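Listed below, chain by chain, are the residues.
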Amino acid sequence: MSGIVSLVSRGASPFVQGFDLFDARLENGLTIRFAKAGCGEPLVMLHGHPHNHVIWRKVAPELAKSRTVILPDLRGYGDSSKPESDAEHRPYSKREMAKDIILLMRGLGFERFDFVGHDRGGRVGHRLALDYPDSVKKAVFLDIAPTATMYARTDMEFARRYFWWFFLIQPEPLPEKMIGSDPRFFLHRHIDGQIKIKGSVEPEVFEEYLRCYQRPEMIHAVCEDYRAAAGIDLKDDAADSDKRIRAPLLLLWGAMGTVGKLYDVVETWQDKALNPTGFALPCGHSPQEEVPALFLEKLQAFLD
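In what follows, the accompanying structure is described. Computed from a predicted structure; not experimentally measured.

### Concerning the overall build of the protein chain
Step number 1: Counting its regular elements, the protein chain contains 15 helices and 9 strands.
Step number 2: Compactness check: the protein chain gives a C-alpha radius of gyration of 18 Å against a globular reference of 19 Å for 304 residues, within 12% of the reference.
Step number 3: Across the 304 residues that make up the protein chain, the buried fraction comes to 58%.
Step number 4: Look at the contacts in the protein chain between residues 6 or more apart in sequence, and 72% of them connect residues 24 or more apart.

### Considerations on the sheet that holds strand β9 (residues 276-281)
Step number 1: One open sheet accounts for 9 strands, arranged β1-β2-β3-β5-β4-β6-β7-β8-β9; its pairing is mixed. The two strands at the open ends of the sheet, each matched to only one other strand, are β1 (4-12) and β9. Strand-to-strand, the axes of this sheet are offset by a mean angle of 20°, without reference to chain direction.
Step number 2: Sheet analysis places β1 next to strand β2 (residues 20-26), joined by 7 bridges and oriented antiparallel. Bridging from a neighbouring strand, Ala-12 pairs with Asp-20 of β2.
Step number 3: Packed onto the sheet, helix α3 (residues 120-131) meets β4 (41-46), β6 (113-118) and β7 (136-142) and runs at close to 140° relative to β6.

Thresholds, definitions, all that
- Residues numbered from 1 in each chain as written.
- Predicted model: local features only at pLDDT ≥ 70, side-chain atom pairs only at ≥ 80, totals over all residues.
- Heavy atoms only, no water.
- Helix = DSSP H or I, 4+ residues; strand = E, 2+ residues; numbered from the N terminus.
- Rg over C-alpha atoms; globule rule 2.2 N^0.38 Å.
- Buried < 20%, exposed > 50% of the residue type's maximum accessible area, 1.4 Å probe, protein only.
- Contact = heavy atoms within 4.5 Å.
- Pairing = 2+ DSSP bridges.
- Axes fitted to C-alpha atoms, helices over the stretch in contact; angles between N-to-C directions.

Geometry only, nothing functional implied.
And the structure:
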């Protein structure tokens, strides 16, 4: 299989009903954990920070009734590889993360696919759609404005709401040591601050997120992800400032969250994509966990 060197089954997913887990060893030497189910047109769904593929548990089984659904853990997150970084943080750039998805999908036999990305996964999707325009049929980004736009428009309100954008990028090992001293506390504060519909994250799911998040290598990878976003990713975006996402783009965001309150989300994507449309949903940062039925309604109408 081009793109995949080896594929190992890890059995049924304990969190995403009907899905099986696999470890794919890619040609670039990394292992990507992913869940897969269904048949039909391929759909990739990428989580963000501080999660893993389990964030799709409420919506993926329904989508798998009519599609082949692939739920990867991003490099650095979940049970995927956490490679060493470098001075530019290039290994955690969205360009490198996008390459992982291309290698994975080609190895599974899919040259073209639909894409859904939440949070950091949406930022990977932005780069994926620019670097591999012939591979992305339709794209959906959840609760994000473009990275460069959000940094360029930073004000006191944004800095207060998204403090981790400035905390996690501090030089190693400051944030790593501070988070590592009590990862449960940090993760609780982070998720509780962004979820606006209480009870959306079940206790056992939080523990699954924490299982991965409390590992020192993941804490470091998360920081590298954000350091890359504040550095090499901005350089890549500037170099491609004339490029536009060609695929039809749907934007969904939480009306009660920071992105929904601070930005005209569709407007922020007007000079990044040829055909952006979007809707606010009555929730916080995680529509797929907070309002899964409404999320599915909007998503399926767009994909179908």
